[in-house]
Amino acid sequence: MTSSKQQEAEAAEHDPQVVVAPAGGPHSPRKDRGLWRDLTSYWILGLCNNYGYVVMLSAAHDIIKQFNPTDDDEASATGRNCHLVSTGAILLADVLPSLFVKMLMPFFPFWVNFRIAVAVACSAAGFLLVGFAHAEWMALLGVIITSASSGIGETTFLAYSSRYNKNVISTWSSGTGGAGVIGSLSYATLRDLDVSPRNTMLIMLVFPAIEAFAFWLLLRRPQVDILPVTTVESTEVLISDDKPLVGFKEKLSYIKHLFKYMLPLCLVYFFEYFINQGLFELVYFENIFLDKDSQYRWLNVDYQIGVFISRSSVNIFQLDKIWLMSIFQFINVIYFLTEVILWYTPSIWIVFVIVLWEGLLGGGAYVNTFYRMSKEISPERQQFAMAMVVQSDSYGIALAGFLAIPVHNAICGLPAAVRSVVW
């Protein structure tokens, strides 16, 4: 029979940050009074983890333009004034390393301190490389390192959330939505104020530092109760779905039970990022208060506002049928595909409304998926399940990046349409 001290030692060996809950358990008044620290920390961690990823996507158009100046002859021939290298190229550099990391992390030891140290270091290195890039390969390497940082952080923080109050999922999601707004808005504002790309990236180095502060100083160490002694007889009557997953084969077999969460989320993000990285750059209104580059930046800000609102709404409104959001997002694809070919929308404000709706769908699919999992999956399996399902949006984004490049370039080769009605 295992003693309480042996259980404590085993818990500490598994995760050196775990401390044993005092008498009173996880719902004691002392713990509840400090819950704000966990909720606040997870909001900040969501913000900082996704900030670099968002900034790289917001800067995609500028990165492409810096190293691939527009061919004036081709622009005048088609009238579209777009780059044959789409921002989908930046999207692939921003998502494929993250996807690769997310695929591997669930099967690696959960060394949380080491993982977060690597994530923070990579985030800072990514900003420095993009800021000081003198060639396209340096800028892309910075985007790749930033992507890896985001992937390490997302899998680790979501898996780690299984040891905290389930509401850290909602604050994490809200923070990632906040990263979208703050990241795209700060980049667009600094560039419109003529701050150089290098200085813009140097200013943003504050976010890896804030991430380190939130994780190591603000977030409380997870508390676990020492459970009553478990005998062989009591173990045998456990429901199989509640048993912890042990070994690579058992974890691999469990993945099929997660498809109901993964597939709808993958589709929503596939449609969403096909729009953002393949079609956004081709939405253009002449002779308005925003020039072409500013239109791209502020459409991204608008999209991220929608994401932030929906990712912050799960405690007010929940929707279990994520597949509905994938259908609505597909309708958005049809609209934008026809718009960039025919240019029939009379006002950019209509586009802003539809882009906001697009962001609401994407953020809503993300937060409702993980909130639903926090209620439906046993705590013993949540850590692995969260780390697996978080990959699904990256699958969709990666597929969108591959498709966005040829579609974007094909549309670039078409003669520009003329807006017959302009408000």
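Look above for the structure.
In this numbering scheme, every chain counts its residues from 1 along its sequence in written order. It should be noted that, the model being predicted, local features are given only for residues of pLDDT at least 70 and side-chain atom pairs only at 80 or more, the latter also being counted only at that level, while totals for whole chains, interfaces and linings use all residues. Only hydrogens and water are set aside when side-chain values are computed; all heavy atoms of the structure are taken into account.

## Brief notes about the overall build of the protein chain
Labels follow the DSSP assignment, with helices taken as runs of H or I lasting at least four residues and strands as runs of E lasting at least two, numbered in each case from the N terminus. Helices and strands together make up the secondary structure of the protein chain, namely 19 helices and two strands. In this scheme, a residue with accessible area under 20% of its type's maximum is buried, one over 50% is exposed, and one in between is partly exposed, where area comes from a 1.4 Å probe on protein chains only. By residue count, 54% of the 423 residues in the protein chain fall in the buried class. Exposure was quantified through the Shrake-Rupley algorithm and a 1.4 Å probe, taking into account, for residues, occlusion by the shown protein chains and nothing else. Of the accessible surface of the protein chain, which amounts to about 18,500 Å², a share of 68% is contributed by carbon and sulfur atoms.

## Considering the pattern of salt bridges
The salt bridge definition used is simple: a Lys or Arg side-chain nitrogen within 4 Å of an Asp or Glu carboxyl oxygen. Counted under the stated rule, the structure contains five salt bridges. Across the pair aspartate 393 and lysine 102 runs a salt bridge whose closest N-O atoms are separated by 3.5 Å. You can see aspartate 393 sitting in helix H19 (residues 392-412) and its partner lysine 102 sitting in helix H6 (residues 88-104), a full 291 residues away along the chain. Residue classification places aspartate 393 among the buried residues on the basis of a relative accessible area of 5%. Arginine 297 is paired through a salt bridge with aspartate 192; the nearest N and O atoms lie 3.2 Å apart. Here arginine 297 is found in helix H15 (residues 292-311), whereas its partner aspartate 192 is found in helix H9 (residues 168-192), with 105 residues between them in sequence. Residue arginine 297 is classed as buried on the basis of its relative accessible area, which comes to 9%. For aspartate 192, a relative accessible area of 36% translates into the label partly exposed. Counted as one network, the salt bridges with shared partners bring together Lys102, Glu154 and Asp393.

## A few points about the environment of tyrosine 284
Relative to the helices and strands, tyrosine 284 is located in the loop between helix H14 (259-279) and H15. Through-space distance from the C-alpha of tyrosine 284 to that of tryptophan 343 is 8.3 Å; in sequence the pair is 59 residues apart. Sequence-distant contacts of tyrosine 284, defined by excluding residues within four places in its chain, comprise Lys292, Gln295, Trp343 and Arg419. Throughout, a contact is declared for two residues whenever any of their heavy atoms are within 4.5 Å.

## Topic: the packing of aromatic side chains
Only Phe, Tyr and Trp rings take part, Trp by its six-membered ring, and two of them pair if their centres are within 6.5 Å. Stacked means planes under 30 degrees apart, edge-to-face means over 60, and tilted covers everything else. Scanning the model with the defined rule gives 24 aromatic pairs in all. Judged by centre distance (6.5 Å) and plane angle (70 degrees), the ring pair of tyrosine 284 and tryptophan 343 falls under edge-to-face. Here tyrosine 284, found in the loop between H14 and H15, pairs with tryptophan 343, found in the loop between helix H16 (322-342) and helix H17 (348-376); they are 59 residues apart in sequence, far enough to count as distant. Given a relative accessible area of 6%, tryptophan 343 falls into the buried group. Ring geometry for phenylalanine 289 versus tryptophan 349: centroids 5.8 Å apart, planes at 20 degrees, classification stacked. You can see phenylalanine 289 sitting in the loop between H14 and H15 and its partner tryptophan 349 sitting in helix H17, a full 60 residues away along the chain. These aromatic residues form a ring-pair network of at least three members: Tyr42, Phe110, Phe157, Tyr160, Tyr164, Trp172, Phe215 and Trp216.

## Quick look at the side chain of asparagine 368
Looking at where asparagine 368 falls in the secondary structure, it is placed in helix H17. A relative accessible area of 5% means that asparagine 368 is categorised as buried. The definition of a polar contact used here is a pair of N or O atoms within 3.5 Å, where within protein one atom must be able to donate a hydrogen and the other to accept one, and adjacent residues in sequence count solely through side-chain atom pairs. In terms of polar contacts, asparagine 368 uses its side chain to reach the backbone amide nitrogen of leucine 319, at 2.8 Å. When near neighbours in sequence (up to four residues on either side) are disregarded, asparagine 368 contacts Val314, Phe317, Gln318, Leu319, Ile322 and Met325.

## Considerations on the nonpolar core
Within soluble globular proteins, side chains that are nonpolar generally end up buried alongside one another. Counting 101 residues, the largest nonpolar core has Leu258, Phe336 and Phe370 as the members making the most contacts within it. When near neighbours in sequence (up to four residues on either side) are disregarded, leucine 258 contacts Ile377, Ala385, Met388 and Val389. Judged by nonpolar contacts, the second largest core, of five residues, contains Val101, Ala119, Ala148 and Ile152. Residues grouped as a nonpolar core are buried Ala, Val, Leu, Ile, Met, Phe, Trp, Tyr and Cys residues, joined through side-chain atoms within 4.5 Å.

## Digging into the environment of isoleucine 182
With respect to the secondary-structure elements, isoleucine 182 resides in helix H9. Residue isoleucine 182 is classed as partly exposed on the basis of its relative accessible area, which comes to 34%. Once the C-alpha coordinates of isoleucine 182 and valine 55 are considered, the two residues, 127 residues apart in sequence, prove to be 9.1 Å apart. Those residues in contact with isoleucine 182 that lie beyond four places of it in its chain are Trp43, Leu47, Tyr51 and Phe207.

## Regarding a nonpolar patch on the surface
A contiguous nonpolar surface patch, about 500 Å² in accessible area, is contributed by Trp323, Ile327, Phe328, Ile331 and Trp357. If one sorts the elements of the nonpolar patch by residue count, H16 sits on top with four residues. Along the chain, tryptophan 357 falls in helix H17. Residues form patches when they are more than 30% accessible in relative terms and have no salt bridge. Like charges link within 9 Å. Nonpolar side chains (Val, Leu, Ile, Met, Phe, Trp, Tyr) link within 5 Å.

## Considering H16
Multiply 1.5 Å by the residue count of a helix minus one, and that product is the helix's expected span. The first and last C-alpha atoms of H16 sit 31 Å apart over 21 residues, in line with the 30 Å expected at 1.5 Å per residue. Here H16 has its buried residues at Ile322, Met325, Ser326, Gln329, Asn332, Val333, Tyr335, Phe336, Glu339 and Val340.

## Describing unusual backbone geometry
Glycine aside, residues mostly have negative phi, and peptide bonds are mostly found in the trans state. If you check the backbone angles, asparagine 287 has positive phi at about 55 degrees while not being a glycine. Look at tryptophan 343: it is not a glycine, yet its phi comes out positive at around 50 degrees.

## A word on H9
The terminal C-alpha atoms of H9, which comprises 25 residues, lie 35 Å apart, in line with the 36 Å expected from a rise of 1.5 Å per residue. By the criterion of burial, H9 is predominantly enclosed, with 20 of the 25 residues buried. The first or second residue beyond H9 is aspartate 194, which carries a positive phi of 65 degrees.

## Overview of the packing of H14 against H16
Where helices are involved, their axes are fitted lines through C-alpha atoms of the stretch in contact, as for all axes, and angles between N-to-C directions lie from 0 to 180°. At a minimum axis separation of 8 Å, H14 and H16 run at an interaxial angle of 20 degrees. Here H14 lies roughly parallel to H16, going by the angle between them. Crossing angle aside, the handedness with which H14 passes H16 is left-handed. Facing Pro264, Leu265, Leu267, Val268, Phe271, Glu272, Phe274, Ile275 and Leu279 of H14, the residues of H16 in contact are Ile322, Trp323, Met325, Ser326, Gln329, Phe330, Asn332, Val333, Phe336, Leu337 and Val340. Here the contact of H14 with H16 is built from residues that sort into 16 nonpolar, three polar and one charged. Roughly parallel covers angles under 35 degrees, roughly antiparallel covers those over 145, roughly perpendicular covers 65 to 115, and oblique covers all other angles. With the far helix as reference, a near helix turned anticlockwise by less than a right angle produces a left-handed crossing, and one turned clockwise produces a right-handed crossing. Gly is placed with the polar residues, together with every amino acid not listed as nonpolar (Ala, Val, Leu, Ile, Met, Phe, Trp, Tyr, Cys and Pro) or charged (Asp, Glu, Lys and Arg).

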